[in-house]
Amino acid sequence: MKRVALFALMLLMLVPSRASYIVIPMDDVQKNHLKAYGIAYWALEREVEVTWLLNYRGGAFLMKRADALERECRLRGVTAEVIADGQSSAILSHIADPSVNMDAVKLQKAPKIAVYSPKNKLPWDDAVTLVLTYAEIPYDVVYDEELMSGILPTYDWLHLHHEDFTGQYGKFWGNYRNQQWYIEDVKQQEERAHKLGFAKVSDLKLAVAKKIRDFVMGGGFLFAMCSAPDSYDVALAAEHVDICDVMFDGDPMQPDAQHQLDFSKTFAFKDFRISTNPNEYEISTIDIDDRTHQQRVNEKNDFFTLFEFSAKWDWVPTMLTQNHTRIIHGFMGQTTAFRRETVKTSAVILAENKELGEVKYLHGEYGKGTWTFLGGHDPEDYRHYVGDPPTDLSLYPNSPGYRLILNNILFPAAKKEKHKT
């Protein structure tokens, strides 16, 4: 009997198993994490079912095997592993175990992406457009004209450019008011405001901010970085309040502007003070200013930590924090990080430097939609100055900081109800 059993086992080993699935690992095995997100998006565009394996191998993707998919992975330099039906079932069974902090979420469709960015050339780049281009994920550039025309509801996901929604031109007046790019930007912003029927740029930017608010309230997904989260919430809080000084809008700011702010209108922040100094490169006290930050840390020891969430219960924040490391090197920007005391209790903190009281990454709901804010300008350029060249992402294909951006790209593709194995 033992010989018969051994012979039967050998026969089973000789029968080739059906290689029916592809796993794209997102742990340290992956050669190109950033382009792996592009593969997932490419599959969704072609109506290939994608399952996001939360907390399994750094947030791996599981798809049905297809020659075209394998070929695309090879062309883009993305690590992919072909597995059999039995292996796929074993992985999903392991993930479904209640004692394991993992889950499997079905991705439904490729989100339609818009990036809010001016058409004129400015002396800085945008990390989101850089990584979308590198990952080969398509997007449309929209700006004030498009938003005021009511185009936003045709998109699923909106990214806010390095923008100042308060109408103060990024508070660059103190250092750059004589630079040609600044002069030209002010001219174009004013012409655009007048063309769209607004007396001031600040009035136009508030109207745009409200269009974005309505987009989120209706079920849209908003992602913002650097100065956009700070200035956006300040603009909402300052509705009907003139917080712009004469050099920005032609008349003095309202003397009691600070006391007229309405924090109930903001997404993420409360109890902040606006900067009333036109020479100060700050919009409000939401941001940890550069000098304070650099007194505490330097480039070598600046790190923030991703929180770990329960994948089966808190699957939204779990998706947004998928990575191959929990500790990520910091990076600065006009808004580097958010002061913890200005963050509303309704917001979910996704990452922070707890010792410094600096919140780096946070998320929340508004109406039927969601917003996610990330501090800093460029995850692979610690202090990106005005005029610096764009980061070459081919040098950083495994960037954990840029992965946070791409988690947000795929987040709108997930079903509202989890797929349970």
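Criteria and cut-off values
Residues numbered from 1 in each chain as written. Predicted model: local features only at pLDDT ≥ 70, side-chain atom pairs only at ≥ 80, totals over all residues. Heavy atoms only, no water. Helix = DSSP H or I, 4+ residues; strand = E, 2+ residues; numbered from the N terminus. Rg over C-alpha atoms; globule rule 2.2 N^0.38 Å. Buried < 20%, exposed > 50% of the residue type's maximum accessible area, 1.4 Å probe, protein only. Contact = heavy atoms within 4.5 Å. Areas by Shrake-Rupley, 256 points an atom, 1.4 Å probe, with all protein chains shown as cover. Lys, Arg positive; Asp, Glu negative; His and termini not counted. Charge placed at Lys NZ, Arg CZ, Asp CG, Glu CD. Axes fitted to C-alpha atoms, helices over the stretch in contact; angles between N-to-C directions. Parallel < 35°, antiparallel > 145°, perpendicular 65-115°, else oblique. Left-handed = near helix turned anticlockwise from the far one by under 90°. Pairing = 2+ DSSP bridges. Salt bridge = Lys/Arg side-chain N within 4 Å of Asp/Glu carboxyl O. Expected span 1.5 Å × (residues − 1). Polar contact = N/O pair within 3.5 Å; in protein donor to acceptor, adjacent residues only side chain to side chain. pLDDT = per-residue confidence, 0-100.

(A) Fine view of the overall build of the chain. For the chain, the count of helices and strands is 15 helices and 15 strands. The C-alpha atoms of the chain give 24 Å as radius of gyration, which agrees with the globular expectation for 421 residues (22 Å, within 12%). Counting only C-alpha atoms and orienting by the principal axes, one finds that the chain spans roughly 95 × 45 × 40 Å. In the chain, which comprises 421 residues, the proportion classed as buried is 58%. Across the chain, every contact between residues at least 6 apart in sequence was considered, and the portion connecting residues at least 24 apart equals 76%. As presented, the chain carries roughly 18,600 Å² of accessible surface, and 53% of it is formed by carbon and sulfur atoms. Across the chain, 47 positive and 58 negative side-chain charges occur, with their mean positions spaced 8 Å apart.

(B) Highlighting the packing of helix α2 (residues 33–45) against helix α5 (residues 127–135). Contact geometry of α2 with α5 gives a least axis separation of 8 Å together with a crossing angle of 70 degrees. Here α2 is positioned roughly perpendicular relative to α5, judged by the angle of their axes. Judged by the sense of rotation from one axis to the other, the crossing of α2 with α5 is right-handed. Here α2 contributes L34, K35 and G38 to the contact with α5, which in turn contributes V131, Y134 and A135.

(C) Summary view of the pairing of strand β10 (residues 303–306). Only one face of β10 is covered, namely the one carrying F304 and L306; the face carrying F303 and T305 has none of its residues buried. With three bridges joining them, β10 and strand β11 (residues 327–329) adopt antiparallel strand pairing. Pairing of T305 across the sheet is with I327, part of β11. Across two bridges, β10 lies against strand β13 (residues 348–353) in antiparallel orientation. Note that in β13 the partner of T305 across the bridge is E352.

(D) Here's a closer look at α5. Most of α5 is tucked away, with eight of its nine residues classed as buried. Among the residues of α5, those classed as buried are A127, V128, T129, L130, V131, L132, Y134 and A135. Here the buried face of α5 lies against α2, α3 (67–76), β6 (113–116), β8 (157–160), β9 (221–225) and α15 (400–410). Once α5 ends, the next one or two residues include E136, with phi positive near 65 degrees.

(E) View of the pattern of salt bridges. For the structure on display, the rule yields 22 salt bridges. R76 is the partner of E136 in a salt bridge, and the nearest nitrogen-oxygen pair spans 3.8 Å. Separated by 60 residues along the polypeptide, E136 in the loop between α5 and β7 (140–142) and R76 in helix α3 bring together distant segments of the chain. The partly exposed category is assigned to E136, whose relative accessible area is 41%. The closest approach of N and O atoms between R192 and E145, which form a salt bridge, is 3.2 Å. Of this pair, R192 sits in helix α8 (residues 180–195) while E145 sits in helix α6 (residues 144–148), and the two are 47 residues apart along the sequence. When its relative accessible area of 8% is taken as the criterion, R192 is described as buried. Given the relative accessible area of 28%, E145 is considered partly exposed. By sharing partners, the salt bridges in this structure join K35, E72, R76 and E136 into a single network.

(F) Spotlight on α2. In this model, α2 (13 residues) spans 19 Å end to end at C-alpha, consistent with the 18 Å of a helix rising 1.5 Å per residue. With 12 of 13 residues buried, α2 lies mostly within the body of the structure. Its side-chain oxygen at 3.3 Å from the backbone nitrogen of L34, N32 defines the N-terminal cap of α2. Trailing α2 by a residue or two, E47 shows a phi angle of about 60 degrees, which is positive.

(G) Inspection of unusual backbone geometry at higher detail. A positive phi angle is found at K171, which is not glycine, with a value near 55 degrees. With respect to the helices and strands, the residue K171 is situated in the loop between β8 and α7 (173–176). A positive phi angle is found at H240, which is not glycine, with a value near 70 degrees. By secondary structure assignment, the location of H240 is in the loop between α10 (227–237) and α11 (246–249).

(H) View of the environment of T266. The topology assignment puts T266 in the loop between α12 (257–260) and α13 (290–296). Its relative accessible area of 3% is what places T266 among the buried residues. For T266 and T292, which are 26 residues apart along the polypeptide, the C-alpha to C-alpha distance reads 25 Å. For T266, the side chain forms a polar contact with the main-chain oxygen of F263, separated by 2.9 Å.

(I) Fine view of the environment of R76. Look at R76 and you get buried, because its relative accessible area is 10%. Separated by 59 residues in the primary sequence, R76 and A135 have C-alpha atoms spaced 9.0 Å apart. In terms of polar contacts, R76 uses its side chain to reach the backbone carbonyl oxygen of G38, at 3.4 Å. A polar atom in the side chain of R76 sits 3.0 Å from the side chain of E72.

(J) Local environment of the confidence of the model for the chain. Counting all residues, the mean pLDDT for the chain is 90, and 92% of those residues have values of 70 or more. In the model of the chain, helix α1 (residues 2–14) stands out as the element of lowest mean pLDDT, 41, in contrast to α2, which has the highest, 98. Contacts of residues 4–17 to residues separated by more than four positions or lying in other chains number one contact, the stretch itself having pLDDT below 50. Below a pLDDT of 50 lies the segment residues 416–421, which in the model reaches 17 contacts outside its immediate sequence neighbourhood of four places, other chains included.

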